[in-house]
Amino acid sequence: MAQGWFITFEGPEGGGKTSHLHALADYLRHHHVPVLVTREPGGTPLGQRLRDLILHPSEDDWVDRAEVFLFLADRAQHVARVLRPALARGQVILCDRYADSTLAYQGYGRGLPLDVLRTMITFATQGLTPHRTFLFDVPPEIGLRRRHASGQIDRLDAQTLAFHRRVRQGFLELARQEPERWIVIDATRPWDEVQRALRHYLARWFGLPEAGDTERKG
Ligand code: TYD
């Protein structure tokens, strides 16, 4: 493949996007597609330190405007050091969250102005936009319950239900605005069913067979 392909996985908490991403990476590798799995925040060594700062602030909570800069610092580093080089090598990138999370969480969720955020994102990414984005849509009541059941609680999970409702609606609105890029997945469906639906898209884009067991990871 001469040029890479950039696929992002987005959605509210507890939609299962990370386990689906890893299973899809296995599927692609099985068919000899060169894959790069990465995530935000934390896709570079410096980004990993930012991730710790963002998700586990030691004394004081970040104010909303400061938090944006941390996510964007992580992203700028990630784009320059990991994503663009991978695309230049012709890899297929599966990225767990990207710029749409900033619009959904900091914009729709926290209420920061979307036009300002868009400008900041363009600055940070130098305009790198995903080719396709999967939205793992799940109502916050279900997503948060799943997350609490798995014991993975972080600072952002502790926000109010109203915040998470705004985030979900934000993602759906973003998907409506750019239907050619987004694929909305009903993440309340059984895991195997969702994985089959995802593979169907990848099979089409990369000309692969769809057959083979779906195996849940993580
Ligand atoms: P993570 O543990 O990776 O959550 P998840 O498994 O749900 O992806 O934590 C990332 C958190 O950061 C998550 O709550 C979403 C949030 N986030 C933002 O608020 N803005 C952003 O730009 C990004 C990338 C993530």
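What counts and what doesn't
Residues numbered from 1 in each chain as written. Predicted model: local features only at pLDDT ≥ 70, side-chain atom pairs only at ≥ 80, totals over all residues. Heavy atoms only, no water. 1 Å grid on protein atoms, 1.4 Å probe; cavity = no way out; pocket = protein on both sides within 12 Å on 5 of 7 lines; lining within 4 Å. Points joined across faces, edges and corners; volume = space filled by probe spheres on them. Helix = DSSP H or I, 4+ residues; strand = E, 2+ residues; numbered from the N terminus. Nonpolar A, V, L, I, M, F, W, Y, C, P; charged D, E, K, R; others polar. Salt bridge = Lys/Arg side-chain N within 4 Å of Asp/Glu carboxyl O. Buried < 20%, exposed > 50% of the residue type's maximum accessible area, 1.4 Å probe, protein only. Near = heavy atom within 4 Å. Polar contact = N/O pair within 3.5 Å; in protein donor to acceptor, adjacent residues only side chain to side chain.

1. Let's talk about the layout of surface pockets
Okay, step 1: What the second largest pocket holds in volume is close to 250 Å³.
Okay, step 2: The wall of the second largest pocket is formed by 17 residues, among which A99, L103, R118, I121 and T129 lie closest to the centre.
Okay, step 3: Elements represented by at least two residues in the lining of the second largest pocket include exactly α4 (99-109), α5 (114-125) and α7 (161-177).
Okay, step 4: Sorting elements by how many residues they give to the lining of the second largest pocket places α5 first, with four residues.
Okay, step 5: Residues of the lining of the second largest pocket, tallied by class, amount to eight nonpolar, five polar and four charged.

2. What to know about the pattern of salt bridges
Okay, step 1: Tallying each qualifying case throughout the model produces 12 salt bridges.
Okay, step 2: In this structure, D26 engages R29 in a salt bridge whose closest nitrogen and oxygen atoms are separated by 3.4 Å. Here the residue D26 and the residue R29 both occupy positions in helix α1 (residues 17-30), the gap between them amounting to three residues, near one helical turn.
Okay, step 3: For D26, a relative accessible area of 31% translates into the label partly exposed.

3. Description of the site of the ligand
Okay, step 1: Near the ligand you find 15 residues, and of these E13, K17, R97, T102 and Q106 are the closest.
Okay, step 2: At 3.1 Å, a side-chain N or O of R75 approaches an oxygen atom of the ligand.
Okay, step 3: At 2.7 Å from an oxygen atom of the ligand is found a side-chain nitrogen or oxygen belonging to R97.
Okay, step 4: Where the shell around the ligand is concerned, the elements lending two or more residues are α2 (45-55), α3 (64-88) and α4.
Okay, step 5: Among the elements that make up the shell around the ligand, the one with the highest residue count is α4 (four residues).
Okay, step 6: Along the lines of polarity and charge, the residues of the shell around the ligand split into four nonpolar, three polar and eight charged.

The values are spatial; any link to function lies outside them.
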